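Read off the chains here:
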Amino acid sequence: MSDHVLERAAGVAQAGGELGAALATRARLMDLTEGSHDAALLPKTPGGLAHGLRAHLAARMSRICSDDALAHHYDRLGEVSPDLADLARPGHQPEAPRLAALVAYVDKMTLHPKEATAQDIDILRDAGVAEDDIVRLAGLVAFVNYQIRVAKVLRVMEGQS
C-alpha cells in the first residue's frame with residue numbers, strides 16, 4: 001500500500017486488512033487524491049497564499065470538523081510559518097483585514113457552504129485578496145473538506161470512530 005496522507009490520517013492499516021486491500025485496488029484514485037493534496041497545499045506557484053498560510057487554514061478546517069489526525073498533519077506543514085499558527089485555531093479572529101476575510105471565508109465554507117453568496121467573494125476582494133488567490137482559496141477549501149469527509153468514511157469502514 002502507498003503512504004498517502006489520507007490513508008495515514010484515516011488510520012487505514014498499512015499491512016493487510018480488507019479496507020487496505022480495497023484501497024490498493026483503487027491506487028490510481030488514491031494517487032490522484034495525494035496529487036490534489038500537493039497541488040492545494042504545496043503548489044509550485046502559491047501566489048498570495050503561501051504554503052504556511054494554506055497549512056494553517058487547512059488545520060483550522062480540520063479542527064472545525066474534529067479531525068485531529070488531519071489537523072496534526074497540517075500543523076506540521078504549517079511549521080514554516082509559526083507567526084500564523086493562531087489561524088489554525090477555530091474561534092481565533094485575526095485583526096488584519098485580509099487574514100480576517102480569509103478566515104471568515106474558510107469558516108463559512110466549512111460550516112455553512114449552502115449559505116455562500118457572491119457577497120462572500122466581494123468581502124475577499126474588498127480585503128485585497130487577488131482574483132487568482134480567491135480561486136486558489138476556493139480550491140484549498142474544497143480539497144480539505146473533501147479529504148476530511150473521505151477520511152471519516154474510511155475510519156468508519158476500518159471500524160474506528
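Right, let's walk through the structure included here. (Residues numbered from 1 in each chain as written. Predicted model: local features only at pLDDT ≥ 70, side-chain atom pairs only at ≥ 80, totals over all residues. Heavy atoms only, no water.)

1. Details of the environment of Val144
Topologically, Val144 is positioned in helix α8 (residues 131-158). We classify Val144 as buried; its relative accessible area is 0%. Residues Val144 and Ala59, spaced 85 residues apart in sequence, show a C-alpha to C-alpha distance of 9.0 Å. Sequence-distant contacts of Val144, that is, excluding residues within four places in its chain, are made with Leu41, Ala58, Met61, Ser62 and Tyr74. (Helix = DSSP H or I, 4+ residues; strand = E, 2+ residues; numbered from the N terminus. Buried < 20%, exposed > 50% of the residue type's maximum accessible area, 1.4 Å probe, protein only. Contact = heavy atoms within 4.5 Å.)

2. Digging into the packing of helix α3 (residues 27-41) against helix α4 (residues 51-64)
Contact geometry of α3 with α4 gives a least axis separation of 9 Å together with a crossing angle of 120°. Classified by the angle their axes make, α3 and α4 are oblique. Together, Ala39, Ala40 and Leu41 of α3 and His51, Arg54, Ala55 and Ala58 of α4 make up the contact between the two elements. Classifying every residue of the contact of α3 with α4 by side-chain character gives 5 nonpolar, 1 polar and 1 charged. (Axes fitted to C-alpha atoms, helices over the stretch in contact; angles between N-to-C directions. Parallel < 35°, antiparallel > 145°, perpendicular 65-115°, else oblique. Nonpolar A, V, L, I, M, F, W, Y, C, P; charged D, E, K, R; others polar.)

3. With respect to the nonpolar core
In this structure, Leu41, Leu53, Tyr74, Leu102, Leu124, Leu137 and Val144 are the most contacted members of the largest nonpolar core, which totals 39 residues. For this core, the secondary-structure elements that each account for two or more residues are α1 (5-10), α3, α4, α5 (68-77), α6 (97-111) and α8. With 9 residues, α8 is the single largest residue contributor to this core. Setting aside residues up to four positions removed in sequence, Leu102 forms contacts with Leu49, Leu53, Leu124, Val129 and Leu137. (Core = buried A, V, L, I, M, F, W, Y, C linked by side-chain atoms within 4.5 Å.)

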